[in-house]
Amino acid sequence: MCLGIPGQVVEIVDIEKQLAKVEISGVRRQVSLACIVDNEHPLEACIGDWVLVHVGFAMSRINEDEAKKTLELLMELGEAQKEIEAMSESLSQ
Amino acid sequence: MKYVDEFRDPELAKHLIREIESLVVQIGASENEPLQIMEFCGGHTHTIFRYGIEQLLPKAIELIHGPGCPVCVLPMGRVDDCLALAERPEVIFATFGDAMRVPGSQKNLLQAKAEGADVRMVYSPLDALELARQNPSREIIFFALGFETTMPSTALTVLQAAEEGLKNFSLFCNHITTVPTIKAILDSPSMRIDGFVAPGHVSMVVGEEPFQFVACEYKKPIVISGFEPLDILQSIWLVVKQIAEKRCLVENQYLRVVERDGNPVGLKAMAAVFELREFFQWRGLGAIEHSGIKIKSEYAQFDAEHRFTMPNLNIADPSLCQCGEVLQGSIKPWQCQIFGSLCTPETPMGALMVSSEGACAAYYNFGNLPQVMAAKSNREQSTTIS
Ligand code: SF4
C-alpha cells in the first residue's frame, strides 16, 4: 500500500477524469494522473513518462536526471575509495 | 523496472558501508554506546530486513524500527468498528488486502468475510468508487488508511464522488499523520535517538518543510530516503555524516521522487476534504494528540462515522503484548514474551506482527539472528507435541 511501483504511461483513457493506462511490470492498469499534471505538464505530455503508482494514483514523476546523479555520486565514492586504497598501498610498500 | 535494479548494486553498497564504517570510527561510537538511528517508515523496515542491511552495518549503529506501518498501529477498537460496518446487510465493505488480517477483539475482516459479510479486497479507492456506481442499491464503505502517502488518493476519490453526486459511497477514515507522531517519539522520555531516516513517500506528498522541526527544534539530523537498499544505505551514511560534522539538517536523498514542495495537487485535495482529529488511539502507543485525520463536515455525507453508528469502543491491547516497548526501541522484537510463540505472522497478537512491514514480522520472516531462530524452533517443537 505505501510502497508504490514504477510504471510507464502508455495511453490516455479519459481526459476529463485524467485517467491513463500505465504499464507496470508488463501489466497495464488504469491509473489516475490527477496528481502529476499541471499547466506546464498537461495530460497529453505524460505519455512515455515513468511514474510511481500508489493505490491507483500516479503520485510522482520519476526524475531520470536526479536518479542518474545519485548513482554517479555513489560511483565516484567508489573511485575515491580505490584511490585512497591505492595510495595507502603504495605508501606501505 | 526503472531505477530498481540500479539501486540494488552490491558493489556500490560496499562503498557506502566503507564510508559509514570510517565515519563511525571518527565519531567514536561503539557497540556498547551505538548511534541510534530510527527509520520511521515500515517500508524501510521491510527493505532493511529483506536485504539484511542491519548485518552489513557496523555494530556501532543500532537501527530502531519506527511505528510507520499504518496497518500495524490500527487499534482493536477501530477494527471492531470495521467489522460492525461490514456485517450490516446493506454494506459492501471495501478494503486493501493488507488490512484483512489485523486482529479485532473477536475476529478479523477475513473471518467476517468467511462468515458471510460482504468484504471486498480492492487495489485502489477508485475501485471502491466503481463498486458504488455498479451497485446503486448497496452502501459501499471504503476503509481508508495510511499516512500522507495514501491521503491524496482518498481525498481525490471523495471529490470525484461528490462531483458525480454518488449517494451510496462513504469512507471509514483512519488516516494518520506523520509529523505529530515523530514529535511524540521525540518527546518520549525513554527515547534516545541520534538521527532519522524519514519516510520517502510521505515526503513525496508533504515535501521537505514539515520535517524542519526535527532539525531546528530537536537538533537531530533527518534524511528523506528512498526504498531500495542503496537508498537506505546512502541515507544512513548522510545521517552519520551529519553527526560527524555536527550538523543537523533536513536532507533529501530521494530527489528522483521527492520534490521540495511535495505534491501540490495532492495537498490541495487533502486540505479540501480532511481535518485533524483532537486525538487518535494507536495500537501499542496510546493516544497521540492531533495524529488522526477525519473528514470535514462539508463532506459529512461521505463520512461513514457520520452516517452509521458503530461501537466506537476503546479496547486495550492484549496484556501480553509488548509492542509499545518494541516501538520505542526499549526491547528488541524477540525479547517480547510472546514473540514466535503466541504471536506469529499466521496468528498475530500484536500490531507489529500483522503486516510484512511490521518490525516483528520482519524479524520473524527474515531475521536469522540466533534469538529469532530459537523462538521459531521452540514454536515448531510445541506445535509438533500438541
Ligand atoms: S511479538 Fe507480537 S505482541 Fe510481541 S511486540 Fe511483537 S507484535 Fe507485539
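Keep in mind it's a predicted model, so treat the numbers as computed, not measured.

Participant: I'm lost on the interface of chain A and chain B in this one. Help?
Facilitator: Interfaces are frequently sized by the accessible area removed from exposure as the parts join. Each side of the interface is counted separately: chain A has 38 residues, and chain B has 48 residues. Across the chain A/chain B interface, buried area totals approximately 3,700 Å², and carbon plus sulfur atoms make up 70% of it. Of the charged contacts in the structure, one is a salt bridge between Arg-29 of chain A and Asp-127 of chain B, with a shortest N-O distance of 3.5 Å. Taken together, the links from chain A to chain B amount to six residue pairs in polar contact (both at pLDDT 80 or more). Taken together, the elements giving at least two residues each to the side of chain A that touches chain B come down to strand 1 (5–14), strand 3 (27–32), strand 4 (50–54), strand 5 (57–61) and helix 1 (64–92) of chain A. With 13 residues, the top contributor of residues to the side of chain A that touches chain B is helix 1 of chain A.

Participant: Mind showing me how you'd approach the sheet that holds strand 8 (residues 222–225) of chain B here?
Facilitator: Across a sheet, strands are paired by hydrogen bonds formed along the backbone, either parallel or antiparallel in direction. Residue and element names in this part refer to chain B. Spatial ordering of the open sheet is given by 2-1-7-8-9, a layout of five strands whose pairing is parallel. Across the chains shown, the open sheet's two edge strands, defined by having one partner strand only, are strand 2 (61–68) and strand 9 (250–252). Across the sheet, the mean angle separating the axes of adjacent strands is 25° when strand polarity is ignored. The pairing of strand 8 with strand 9 spans three bridges and is parallel. Bridge pairing links Val-223 to Glu-251 in strand 9. Contacting strand 1 (35–41), strand 2, strand 7 (195–199), strand 8 and strand 9, helix 11 (residues 229–244) crosses the sheet at an angle of about 165° to strand 8.

Participant: Would you explain the nonpolar core in this entry?
Facilitator: It is characteristic of soluble globular proteins that their nonpolar side chains tend to be buried jointly. Residue and element names in this part refer to chain B. If you look at the biggest cluster of nonpolar residues, it comprises 149 residues, and the most contacted ones within it are Phe-169, Ile-236, Phe-274 and Phe-339. The greatest single-element share of this core, amounting to 10 residues, is contributed by helix 11. Shared between two domains, this core takes at least three residues from each, and those domains are domain 1 (1–317) and domain 2 (323–385). Not counting chain neighbours up to four residues away, the residues in contact with Ile-236 comprise Ile-20, Ile-37, Leu-57, Ile-61, Leu-63 and Val-197.

Participant: How should the sheet that holds strand 6 (residues 169–175) of chain B be read in this particular structure?
Facilitator: All names here are of chain B. Strand order in the open sheet made by the four strands is 4-3-5-6, with parallel pairing throughout. Each edge of the open sheet is held by one strand with a lone partner, namely strand 4 (119–121) and strand 6. Across this sheet, the average inter-strand angle for adjacent strands is 25°, counted without regard to direction. Helix 4 (residues 76–86) rests against strand 3 (91–95), strand 4, strand 5 (139–146) and strand 6 of the sheet, and its axis sits at about 170° to strand 6. Set on the sheet, helix 7 (residues 151–164) makes contact with strand 5 and strand 6; between it and strand 6 the angle comes to about 160°.

The rules behind the values
- Residues numbered from 1 in each chain as written.
- Chains lettered and ligands numbered in written order.
- Predicted model: local features only at pLDDT ≥ 70, side-chain atom pairs only at ≥ 80, totals over all residues.
- Heavy atoms only, no water.
- Contact = heavy atoms within 4.5 Å.
- Buried area = accessible area lost by both parts, 1.4 Å probe.
- Salt bridge = Lys/Arg side-chain N within 4 Å of Asp/Glu carboxyl O.
- Polar contact = N/O pair within 3.5 Å; in protein donor to acceptor, adjacent residues only side chain to side chain.
- Helix = DSSP H or I, 4+ residues; strand = E, 2+ residues; numbered from the N terminus.
- Pairing = 2+ DSSP bridges.
- Axes fitted to C-alpha atoms, helices over the stretch in contact; angles between N-to-C directions.
- Core = buried A, V, L, I, M, F, W, Y, C linked by side-chain atoms within 4.5 Å.
- Buried < 20%, exposed > 50% of the residue type's maximum accessible area, 1.4 Å probe, protein only.
- Domains from an automatic or database assignment.

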